[in-house]
Amino acid sequence: MTEKIIPLHLLPTGSFCKVKELRALDNMRRRLLDLGLINGTLVESLRRSPSGDPTAYQIRGAVIALRSEEASNIFVERV
Amino acid sequence: MGLTCQSTGLGSLQEMLKVNSDSPDNIVIALAGNPNTGKSTVFNSLTGLKQHTGNWPGKTVSKAQGSYIYQDKKFIVVDLPGTYSLFANSAEEEIARNFLCFIQPDVTVVVLDSTCLERNLNLALQILEITRNVVICLNLLDEAERKKINVNLQKLADQLGVPVIGTNARDGVGLQELKAAVYRVAKGEITNNPLKINYNEQIEKAVELLKPFIEKIVNGRINARWAALRLLDGDKNILDALNLYLGFDFSLNSDLEKLLRDAKEYVSSIDINMRDLVVESIIKQAEALCAETVVFKTEQQNLLDRKIDSILTSKIWGIPAMLAMLGVVFWVTIKGANFPSAMLASGFDYLEGVLTELFLAGGAPSWLHGVLVLGVYKTLAWVVSVMLPPMAIFFPLFTLLEDLGYLPRVAFNMDNFFKKASAHGKQVLTMCMGFGCNAAGIIACRIIDSPRERLIAVITNNFVPCNGRFPTLIALTSIFIAYNLGPFQSLWAALSILAVVVLGVSLTLFISKILSRTILKGLPSSFTLELPPYRKPQIGRIIIRSIFDRTLFVLFRAVMVAAPAGFVIWLMANLNLGDISILNYCAAFLDPFARFLGLDGFILMAFILGLPANEIVIPILIMSYMSQGAMLELDSLFMMRQLFLDSGWTWLTAVCTMLFVLNHWPCATTLLTIRKETQSFKWAFLSFLIPTITGMIICFTVAQVARLLGLA
């Protein structure tokens with residue numbers, strides 16, 4: 001296996017990934033699902049906030065900012 | 001601390017479920033949609049109402065109602081809060097779901113953002129599971145066109161099995177067609193055949209098992225398939241809702257319990273959780289629909305947005321740009337308000353002379369002239385001439401930033417600070433609303449789901465100076481801090497006010513952190529923030545809207561309070577208690593304590609009498625000083641400076657007064673709003689206490705340190 005599964009917050013800005021697994025629970029999980037984050041969803045990391053967190057991601061045509069707490073529960077594969 | 005539904009404003013949300021319809025013949029329409037899809041604009045265009053709109057998700061936190069007539073039928077339109085889904089993850093979602101499900105509007109219009117259809121369809125598909133009487137309103141078509149996104153409306157309508165109407169609500173395009181489609185669906189002239197989402201075999205089997213039984217109980221009142229799915233999902237609050245609205249307690253029915261157990265057996269053979277599977281099926285369906293109906297003509301749709309964001313939210317320029325923008329807004333406000341304020345003041349002054357002559361000619365007793373002209377009229381004149389110009393400039397400027405879509409970027413830039421204070425990133429949005437009016441800021445706190453973080457936002461909202469306090473700050477900086485600085489005067493004044501605001505924001509963070517560590521202990525809840533595309537603001541509409549909806553509204557409120565306040569203060573200054581006036585008596589009583597804070601008795605009393613509205617603090621103060629006989633005419637800021645100097649003011653008095661303007665009790669309207677939103681006197685009282693104590697500590701420290709150092 002050459003591809004590595006990493007948590008989303010470690011994805012460098014400007015690169016793309018596909019969601020592999022959602023490890024968030026309860027309310028956070030439901031919220032992420034509502035945004036359309038399911039297995040296979042394409043996500044682009046756009047930019048970090050001036051203070052380093054949160055990060056803006058392009059998800060299904062919308063720009064969504066996630067704190068590292070949320071993003072670290074989304075496991076992705078770089079593409 | 002009891003963070004129950006009651007204490008967190010859910011009670012007031014429930015209230016919104018009531019439809020105000022004057023006749024059973026009226027057709028009730030619900031407007032549903034994702035946040036920030038232009039739902040409020042569609043609502044306004046349909047009903048002609050002026051529901052406040054703005055380019056940030058969560059703008060409509062309360063349900064609005066309006067109506068329109070079409071083909072001699074009255075249509076009641078209910079604007080539901082914007083939600084991403086109907087799984088009732090938050091209070092707003094629950095309200096929207098319960099409304100669609102149990103109140104059962106005749107037609108549901110689902111407003112979708114054409115530029116972000118895939119995610120928007122997720123909600124549309126969920127709504128189609130609940131009701132078949134749906135019309136899809138595909139909004140923001142112009143924006144989609146600009147971004148070279150092409151949606152095949154006919155194909156989408158065929159696939160969804162309901163009418164799809166393309167609109168561009170801002171310009172009123174497509175609204176007649178929308179009304180026509182709604183009419184036809186309501187009349188039954190169009191029979192919808194909504195797309196059914198197919199789940200996997202196990203779920204479908206389980207649903208089949210439950211459906212006949214549920215159908216019998218609900219008797220067509222709600223969609224049995226949908227209810228079966230929710231029951232299988234183990235959704236607790238749907239049970240409560242069924243019980244509440246249909247009067248049927250599912251948990252007490254042993255037949256159903258047994259059936260549900262059997263049905264759940266089917267589902268438990270799947271290795272992932274049911275909710276995930278349901279959501280995934282819906283999202284995949286939306287994906288498939290989009291693949292067939294949407295054509296992206298370019299790869300990169302939001303290049304311009306990204307370019308703007310790369311400056312406004314960049315590491316180096318993000319925060320400076322934010323401060324600069326705020327500074328410019330203040331500067332333009334101060335600079336622009338100078339002249340009209342002076343004009344208004346001299347106009348009112350002239351009118352006062354005329355009024356006085358009339359009173360004299362009519363032989364009115366001097367006390368009547370005193371109470372009406374020197375009391376009521378003078379206070380009113382001051383409130384209008386000092387308040388109106390800055391508001392009429394500040395509100396449109398701020399609405400412009402709001403319309404552009406800049407506010408969510410501010411939240412994005414500032415979020416880390418709020419996270420460190422264990423607060424919610426959307427607190428920034430509520431603070432932005434607080435700039436206009438703290439009561440509006442408190443209501444905006446509904447966008448924060450977590451009760452703990454919402455309370456923090458409510459309690460600290462007062463640290464943002466509202467529009468009732470800006471004119472006071474502007475007047476004080478102009479005559480003391482930035483006085484005699486020639487051409488740079490308004491620049492310095494703007495910088496001082498910027499400093500006051502930065503202090504307010506720092507205090508917000510500091511107090512939020514303390515609250516998170518003490519009475520509102522807890523960790524930050526999950527946070528997702530949508531950064532909407534920048535939109536071209538509609539300048540004309542902004543000006544009209546902010547002048548009529550905001551400026552005049554706030555001014556009217558201030559005037560309503562100012563008139564009786566002027567009456568009271570004149571009486572206090574002219575009725576004697578022993579051989580001194582009540583005013584002097586009270587001021588003398590407050591004076592020793594006020595001196596500790598760097599103020600004087602009159603200033604503190606003006607703040608106390610200004611409880612109904614912050615706008616009247618300065619007029620009361622001027623009246624008080626003038627009644628001391630220091631001066632009889634006052635028609636310019638220079639005279640005001642002279643009056644204050646004659647009354648013993650120093651630069652320290654001005655600084656402490658400004659600090660106290662920023663940090664003291666919220667006005668009565670705000671306190672009542674807090675009481676209403678939190679359903680608790682305790683939180684309202686704390687919201688009173690915290691800024692007051694903070695203000696006293698800060699003023700005391702500044703005053704004592706300055707005196708100790710011999711600076712004043």
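About the cut-offs
Residues numbered from 1 in each chain as written. Chains lettered and ligands numbered in written order. Predicted model: local features only at pLDDT ≥ 70, side-chain atom pairs only at ≥ 80, totals over all residues. Heavy atoms only, no water. Helix = DSSP H or I, 4+ residues; strand = E, 2+ residues; numbered from the N terminus. Rg over C-alpha atoms; globule rule 2.2 N^0.38 Å. Buried < 20%, exposed > 50% of the residue type's maximum accessible area, 1.4 Å probe, protein only. Contact = heavy atoms within 4.5 Å. Polar contact = N/O pair within 3.5 Å; in protein donor to acceptor, adjacent residues only side chain to side chain. Pairing = 2+ DSSP bridges. Axes fitted to C-alpha atoms, helices over the stretch in contact; angles between N-to-C directions. Buried area = accessible area lost by both parts, 1.4 Å probe. Salt bridge = Lys/Arg side-chain N within 4 Å of Asp/Glu carboxyl O. Nonpolar A, V, L, I, M, F, W, Y, C, P; charged D, E, K, R; others polar. Domains from an automatic or database assignment.

K.L.:
Explain the overall build of chain B to me, and be specific about the residues and the numbers.
P.N.:
The helix and strand inventory of chain B stands at 29 helices and 11 strands. A compact globule built from 712 residues would reach a C-alpha radius of gyration of about 27 Å, and chain B, at 29 Å, matches this within 12%. Dimensions of chain B, computed from the C-alpha atoms along their principal axes, are close to 90 × 55 × 50 Å. For chain B, with 712 residues in total, the buried portion stands at 58%.

K.L.:
Hey, could you go over the environment of T83 of chain B for me, with residue numbers and the actual values?
P.N.:
All names here are of chain B. Within the secondary structure layout, T83 lies in the loop between β3 (73-79) and α3 (91-103). With 582 residues separating them along the chain, T83 and W665 place their C-alpha atoms 34 Å apart. The residues contacting T83, other than those within four sequence positions of it, are G33, N34, P35, E92, E93, A96 and L123. Polar side-chain contacts of T83 include one of 3.4 Å to the backbone oxygen of S85.

K.L.:
Requested: an account of the sheet that holds strand β6 (residues 74-78) of chain A, with residues and values cited.
P.N.:
Across the sheet, seven strands lie side by side as β1(A)-β6(A)-β2(A)-β3(A)-β4(A)-β5(A)-β9(B); this open sheet has antiparallel pairing. Sheet topology places β1 (5-7) of chain A together with β9 (528-530) of chain B at the edges, where each strand pairs with a single neighbour. Averaged over all neighbouring strand pairs, the angle between strand axes comes to 40°, with direction disregarded. Judged from the three bridges that link them, strand β2 (residues 16-22) of chain A and strand β3 (residues 42-48) of chain A form a sheet pairing that is antiparallel. Considered in β3 of chain A, the bridge of F16 of chain A is made with E44 of chain A.

K.L.:
Tell me what's going on with the interface of chain A and chain B, and back it up with residues and numbers.
P.N.:
At the interface, 35 residues of chain A touch 46 residues of chain B. Counting the surface chain A buries against chain B, the share from its top three residues, D34, P50 and R67 of chain A, is 23%. Remark: the boundary between chain A and chain B carries eight salt bridges. A salt bridge links K419 of chain B to D53 of chain A, with the shortest nitrogen-to-oxygen separation between them at 2.4 Å. Across the contact surface, chain A and chain B share 17 residue pairs in polar contact (both at pLDDT 80 or more). Elements with a minimum of two residues in the side of chain A that touches chain B: α1 (26-34), β3, β4 (55-59), β5 (62-66) and α2 (68-71) of chain A. A per-element tally of the side of chain A that touches chain B places α1 of chain A first, with eight residues. Within the side of chain A that touches chain B, the residues separate by chemical class into 14 nonpolar, nine polar and 12 charged. In terms of strand pairing, β5 of chain A meets β9 of chain B through three bridges, oriented antiparallel. Bridge pairing links I64 of chain A to E530 of chain B in β9 of chain B.

K.L.:
Requested: an account of the domain arrangement of chain B, with residues and values cited.
P.N.:
Partitioning chain B into structural domains gives domain 1 (6-187), domain 2 (201-269) and domain 3 (318-524 + 542-708). Taken over C-alpha atoms, the centre of domain 1 of chain B sits 38 Å from the centre of domain 3 of chain B.

K.L.:
Explain the sheet that holds strand β1 (residues 27-33) of chain B to me, using residue names and the numbers behind them.
P.N.:
All names here are of chain B. The six strands lie next to each other as β2-β3-β1-β4-β5-β7, forming an open sheet whose pairing is mixed. The open sheet is flanked by β2 (64-70) and β7 (164-166), the only strands paired with a single partner. Neighbouring strand axes in the sheet, compared pairwise and without regard to direction, differ in orientation by 25° on average. Here five bridges tie β1 to β3, and the two strands are oriented parallel to one another. Looking at the pairing, A30 lines up with V78 of β3.

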